[in-house]
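# Structural overview for review
If you want the building blocks of each chain, they are given just below.
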Amino acid sequence: MKVLVIGGGGREHALCWHLRACSPEAEVYCAPGSDGIAQVADVVRIAADEVHELADLARDLKIDLTIVGPELPLSLGVVDEFQNRGLRIFGPRKAAAQLESSKVFAKEFMRRHGIPTADFEVVHDAEEACAAAARFGLPVVLKADGLAAGKGVLLAHTKAELDDAIAAFFEHRKFGAGGDRVVVEQFLQGEEVSFIGLSDGLRLLPLATAKDYKRIGEGDIGPNTGGMGAHSPSGVADASTAALVLERVMHATVAGMAAEDNPFVGFLYAGLMLTDDGPSVLEFNVRLGDPEAQALLLRLEDDLARLLLRGARGDFETTRLDFKKEAAACLVLAAEGYPESAVKGARISGLDVAATHEGVEIFHAGTAKTETGWVVAGGRVLNVCASGRDLRHALRRAYDAARRIDWPGRQLRGDIGRRVLQAENIQHSGITSIPREVLGEESSG
């Protein structure tokens, strides 16, 4: 089988790695790929937003299946272009991709179909934003309607923060046209968790649970990022909660899209807040989460290429996915200055040593290979991932390997999984605190 993966980050590196592991005989291509991905796939330097050129590539190489990693090509209609040419591709068409590319579309869709989400208003200027925020009270959340690389959400706890957020949208135009419309919504309190499933347009196959960590700083402080770490299982969603989410959110979304004659085929990601009143959707993504995908792919036992090929044809021909019983964790090592302005060019040390650790896989997200070695070439630089017999073991392996890797200004959250492990200890033994060295953690680097 010939498979093309679109994208060039850590998620796409993990996808190519998984495809190789499941089918060593498969021909795996990646566009635009990266120097890191070139270790496991044939890289073709065509940008992910070059929709027509990507379709030409798939035609010329006689690709059997294309898998889309990032959201941008989906929002540009890459699936429409491929399908119009009779090329097999797994992902939503442009109209269905609005679940991610338009926060307004997603919120109004959820309202129409009774899918639990925070109360909201759509505003178009600073005056409307102030009025909506006054109705909800502080803290309040403001979201850009359009794509913003995971950074289009601003949280205001104080009047000063609210004024700054409104100015960022409507005066400074921080999010450009993506901020022409803004969703102002009620702040929700609880634990965040990710649910991801695969849809063939009619049915949904759930992946294992996962939890990601969006903010740059320990204790979930600082600005939002594309993700600073993740683990699977989530450790915060029990079986009854998972069943409720699958019924009221995941299956309801697939059914609702089909009912509106806008069938959803692809990866459906729901970021949720587990509140005292039940799960509530914070956002939809129409692709695998990053870095959740890296942790999930370490556990997935199914041959993803063959599964997605059947999904692209409209029938998975199966009702469940198989995952290893062990846990997996992913730590993101980020550049100095990320997420505002990443400092690039620093030389990375310790990669070879870290890669020898048992149970560890390292995926490249923002690196480049030079004559003298690997250097920083992006904001999120490396994903240090590990599997283990349980979450504690996986996290310890990942942190042990991650602390071997260094460069000036490297950032690494030291609390990925901490609250989950503390909660487990409180539940099972009454322990209310866990020494950091037991968790296998370190402070941000």
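Let me sum up the structure you'll find in this document. (Residues numbered from 1 in each chain as written. Predicted model: local features only at pLDDT ≥ 70, side-chain atom pairs only at ≥ 80, totals over all residues. Heavy atoms only, no water.)

## Quick look at the overall build of the chain
Helices and strands together make up the secondary structure of the chain, namely 15 helices and 22 strands. Computed over C-alpha atoms, the radius of gyration of the chain comes to 21 Å, within 12% of the 22 Å expected from 2.2 N^0.38 for 445 residues, which places it in the range of a compact globule. Over its C-alpha atoms, taken along the principal directions, the chain stretches across nearly 60 × 55 × 45 Å. The burial tally for the chain puts 58% of its 445 residues in the buried class. Pairs at least 24 apart in sequence give 68% of the contacts found in the chain among residues at least 6 apart. Element-wise, carbon and sulfur atoms account for 48% of the exposed surface of the chain, whose accessible area totals about 17,800 Å². (Helix = DSSP H or I, 4+ residues; strand = E, 2+ residues; numbered from the N terminus. Rg over C-alpha atoms; globule rule 2.2 N^0.38 Å. Buried < 20%, exposed > 50% of the residue type's maximum accessible area, 1.4 Å probe, protein only. Contact = heavy atoms within 4.5 Å. Areas by Shrake-Rupley, 256 points an atom, 1.4 Å probe, with all protein chains shown as cover.)

## Comments concerning the packing of helix 7 (residues 126–136) against helix 8 (residues 159–170)
Between helix 7 and helix 8, whose axes approach to 10 Å, the crossing angle comes to 145 degrees. Two packed elements cross with a definite hand, and for helix 7 against helix 8 that hand is right-handed. In this structure, helix 7 contributes Ala126, Ala129, Cys130 and Ala133 to the contact, and helix 8 contributes Leu162, Ile166 and Phe170. (Axes fitted to C-alpha atoms, helices over the stretch in contact; angles between N-to-C directions. Left-handed = near helix turned anticlockwise from the far one by under 90°.)

## Let's talk about the pattern of salt bridges
Across all of its chains, the model carries 33 salt bridges by this definition. The closest approach of N and O atoms between Arg59 and Asp56, which form a salt bridge, is 3.5 Å. Placement of the pair is Arg59 and Asp56 together in helix 2 (residues 51–61), with a separation of three residues, close to one helical turn. Judged by its relative accessible area of 44%, Arg59 is partly exposed. Assessed through its relative accessible area of 25%, Asp56 is described here as partly exposed. A salt bridge links Arg111 to Asp119; the shortest N-O distance between them is 3.9 Å. (Salt bridge = Lys/Arg side-chain N within 4 Å of Asp/Glu carboxyl O.)

## Points about a nonpolar patch on the surface
A contiguous nonpolar patch, built from Leu72, Leu76 and Leu147 and spanning about 230 Å² of accessible area, is present on the exposed surface. Turning to its location among the elements, Leu72 is positioned in helix 3 (residues 71–75). Look at Leu72 and you get partly exposed, because its relative accessible area is 40%. (Patch = residues over 30% accessible without salt bridge, like charges linked within 9 Å, V, L, I, M, F, W, Y side chains within 5 Å.)

## Some thoughts on the environment of Leu246
Inspection of the secondary structure puts Leu246 in helix 9 (residues 239–259). Spatially, the C-alpha atoms of Leu246 and Leu188 are 20 Å apart, while their sequence positions differ by 58 residues. Discounting residues that sit within four places of it in the chain, Leu246 has contacts with Leu204, Pro206, His251 and Ala252.

## A few points about the sheet that holds strand 11 (residues 204–206)
Read across the open sheet, the four strands follow the order 11-10-16-17; overall the sheet is antiparallel. Each edge of the sheet is formed by a strand with only one pairing partner; in this case those strands are strand 11 and strand 17 (278–285). Strand after strand, the sheet turns through a mean of 35 degrees between neighbouring axes, direction not considered. Taken together, the seven bridges between strand 16 (residues 265–275) and strand 17 define a ladder with antiparallel strand orientation. Counted as the bridge partner of Ala270 is Phe284 from strand 17. Strand contacts of helix 9: strand 10 (191–200), strand 11, strand 16 and strand 17, with the helix running at about 135 degrees to strand 16, the strand carrying the most contacts. (Pairing = 2+ DSSP bridges.)

## Some details on the packing of helix 6 (residues 103–113) against helix 9
Where helix 6 contacts helix 9, the two axes come as close as 11 Å, and the packing angle between them is 95 degrees. Considering the angle they form, helix 6 stands roughly perpendicular to helix 9. Contact with helix 6, carried on its side by Phe105, Phe109 and His113, involves Thr253, Gly256 and Met257 of helix 9 and no other residues of that element. Across the contact of helix 6 with helix 9, the residue classes break down as three nonpolar, three polar and no charged. (Parallel < 35°, antiparallel > 145°, perpendicular 65-115°, else oblique. Nonpolar A, V, L, I, M, F, W, Y, C, P; charged D, E, K, R; others polar.)

## A closer look at the environment of Leu331
Mapped onto the elements of the fold, Leu331 is located in strand 18 (residues 327–334). Sequence spacing of Leu331 and Val384 is 53 residues, and the spatial spacing of their C-alpha atoms is 5.1 Å. Not counting the four nearest positions on each side in its chain, Leu331 is found in contact with Met228, Gly229, Leu382, Asn383, Val384, Ala398, Tyr399, Ala402, Leu412 and Ile416.

## Thoughts on the nonpolar core
If you look at the biggest cluster of nonpolar residues, it comprises 46 residues, and the most contacted ones within it are Val78, Leu99, Val249, Met250 and Phe284. Among the elements that line this core, the one with the most residues is helix 9, at seven residues. (Core = buried A, V, L, I, M, F, W, Y, C linked by side-chain atoms within 4.5 Å.)

So, to be careful, I would describe these as geometric facts and stop short of saying anything about function.
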